[in-house]
Amino acid sequence: MNHFSWAVDGSIVGVYLLVTMVAGIWVRRKVRGVEDFLVAGREMNLYLGIASLAATEFGIITCMYTAQGGYTNGFAGAFPGLCQALSMWIIGITGFCIKPLRDSGAVTLPELFEKRFGKGVRWLAGVVIVMGGLLNMGVFLKIGGDFICLVTGMDLKWLTLIMSLLLLLVVVYTVLGGMMSVLVTDYLQFIVMSGGMLVVTVMILSQIGWDKLVETVRANHGDGGFNPLVNPSMGWPSVLMQFVGNAAAALTWQAVVARLLAARDAATGMKVYTHTSFFFVCRWLFPAIWGIAALAVIGWKPLSALPDAERTKIPDVIAAKIESSPVGQPLAQLTAAEKTQLPPQSVALMEEEGLHAMPKFLNTFLPIGLMGLLLAAMLAADMSTDSSYMLSWGSVIYNDIIGPLRKTKLDARRGLLWNRCIIGLIGVYLLVFGLFYKIEGNVWSYLLLTGSIYLSSMSVLLVACCYWSKASTWGAYGAIFCGALVPVAHLTLEKLPSTSAWAASIGKDWAGLAAFGGAALGMIAGSLLQPSSKSAAQ
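Now for a look at the structure at hand. (Residues numbered from 1 in each chain as written. Predicted model: local features only at pLDDT ≥ 70, side-chain atom pairs only at ≥ 80, totals over all residues. Heavy atoms only, no water.)

**Side note on the overall build of the protein chain**
Moving on, step 1. Scanning the protein chain for helices and strands turns up 27 helices and zero strands.
Moving on, step 2. Since a compact globule built from 538 residues should have a radius of gyration of about 24 Å, the 23 Å found for the protein chain is in line with a globular shape.
Moving on, step 3. Its C-alpha atoms give the protein chain principal-axis dimensions of about 75 × 50 × 40 Å.
Moving on, step 4. For the protein chain, the proportion of its 538 residues judged to be buried stands at 61%.
Moving on, step 5. Taking the intrachain contacts of the protein chain between residues at least 6 apart in sequence as the baseline, contacts between residues at least 24 apart amount to 84%.
Moving on, step 6. Carbon and sulfur atoms form 67% of the exposed surface of the protein chain, whose accessible area is close to 21,000 Å². (Helix = DSSP H or I, 4+ residues; strand = E, 2+ residues; numbered from the N terminus. Rg over C-alpha atoms; globule rule 2.2 N^0.38 Å. Buried < 20%, exposed > 50% of the residue type's maximum accessible area, 1.4 Å probe, protein only. Contact = heavy atoms within 4.5 Å. Areas by Shrake-Rupley, 256 points an atom, 1.4 Å probe, with all protein chains shown as cover.)

**Some thoughts on empty space enclosed by the protein**
Moving on, step 1. This model, assessed by the stated rule, comprises three cavities of 30 Å³ or more.
Moving on, step 2. Quantified by volume, the largest cavity comes out at close to 290 Å³.
Moving on, step 3. As for the largest cavity, its lining consists of 26 residues, of which E57, Q84, W253, R283 and W444 are closest to the centre.
Moving on, step 4. The set of elements that each furnish at least two residues to the lining of the largest cavity consists of α4 (60-73), α5 (79-94), α12 (235-252), α15 (279-298), α21 (370-402) and α23 (443-467).
Moving on, step 5. The element best represented in the lining of the largest cavity is α23, accounting for five residues.
Moving on, step 6. Split by residue class, the lining of the largest cavity holds 15 nonpolar, nine polar and two charged.
Moving on, step 7. When residues are assigned to domains, the lining of the largest cavity turns out to be shared by domain 1 (8-302 + 351-436) and domain 3 (445-538), each giving three or more. (1 Å grid on protein atoms, 1.4 Å probe; cavity = no way out; pocket = protein on both sides within 12 Å on 5 of 7 lines; lining within 4 Å. Points joined across faces, edges and corners; volume = space filled by probe spheres on them. Nonpolar A, V, L, I, M, F, W, Y, C, P; charged D, E, K, R; others polar. Domains from an automatic or database assignment.)

**Let's talk about the environment of I314**
Moving on, step 1. Secondary-structure assignment places I314 in the loop between α16 (308-311) and α17 (316-323).
Moving on, step 2. In this structure, the C-alpha to C-alpha distance between I314 and L86, residues 228 residues apart in sequence, is 47 Å.
Moving on, step 3. Once you skip the residues sitting within four places of it in the chain, I314 turns out to touch L303, L306, A319 and L342.

**Regarding a nonpolar patch on the surface**
Moving on, step 1. On the surface, L229, V230, W236, L240, W502, I506 and W510 cluster together into a nonpolar patch covering about 740 Å² of accessible area.
Moving on, step 2. Elements represented by at least two residues in the nonpolar patch include exactly α12 and α25 (500-506). (Patch = residues over 30% accessible without salt bridge, like charges linked within 9 Å, V, L, I, M, F, W, Y side chains within 5 Å. Salt bridge = Lys/Arg side-chain N within 4 Å of Asp/Glu carboxyl O.)

**What about the side chain of E111?**
Moving on, step 1. Turning to its location among the elements, E111 is positioned in helix α7 (residues 109-117).
Moving on, step 2. Once residues within four sequence positions are removed from consideration, E111 is found in contact with G105, A106, R122, N399 and D400.

The quantities given are spatial measurements derived from coordinates; they are silent on function.
Now the structure itself:
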């Protein structure tokens, strides 16, 4: 039974959206130049930084892929949260890379790289950051629309309309207020988001019970539901990739770095890292519990995702294998010949069942009123994430791709106009990409791999820039090309019918690790082959 009431829950959501939009637009009057727009005049204090970073790094997309991790891998699916928390805490305590980055006064990472490696490296780094970032963010809007449709009981035929409305809300206040609007609305969104997460989690634990959740994980996933090293869909390559990828993201992910660069000073930025670190455990664990609860209540029924007309066309032998398949892997027991008997649309619907299970569960589990609070919390989280990410990639396009090509600097008015137009164009891209691109496999693995297009090379460049005197321009180019080559090649091979099976056998974790290894080798080889003039003189 659908528990969403448009009169009650819809009113709660409407009031929240109105308050958020008014707050975001009101801040517009404080934006006087590009630095205000991109880094809020570098006046962010500790508590606003904590709330902003936490709100930015938990969107509907986050809730969906972390719940998918809990549904398909049990408690082991929350393991990346430990990696993120540990990385943030260590980097914040030591100031590793982030202190010299903030002290440099740069607005973006590529701006710092220009000082060491030259304008060409800055421009190419900007291109790679935007390419990886937009491929990563391209799926946010579609998955956010999926959640809203499913949790409210709406038919997915309304997905395009929901995506368009969600995008319009985010673009309006981001375009008008920039980082100023993002920081102010992040504070509101952090409060609503935290309250919604806690209430839903407590309700699940009180009504379903911790013991039931543990029993469900053990029955469906065995020891692999608790230990990622023995989980057949994870293993040590996944564990290693989580540590490496999350450490690199803490250092170079533009949406995170933007908070560091907007901080009043390096000490404030370091405290934002340490004080926010534990949040990343909650960011993964709470939605994972929601996913496990969905498995406990509605189970794994991939055929239920199909319309009756499509389901009845599937041969009984194939249907039986699909019903008994491992959670989240509907085709795992089918032969190659049997797979060809299934229409691509049916396969897509069944493979998305692991992603859609959590919002379907919440639609019937939460009472009227709490549904509105949940949806307001999720919209709060999503608007914060989308606005921050659009601003992050837009700042790199303006500052590091367009900026180096111009001979004269734009005045404040024209600079703001350029930034606002760029964010609007990013919004159009998100809508188109989200409608047409289909993720192969687990959403988090896709996000980590696309992020590696630039995380691999930018983390190597940042470490070398700060701590290796022999790093040269050739080494920087080598790191960028080698780091981007493997993820782009893997994503391409996944989409080609003749190579998709081979790409799947390699897996996204190995491809991501290869990207980091390639970037490091590119930096070392390039720097040794063509040392910088500074290191050569030494």
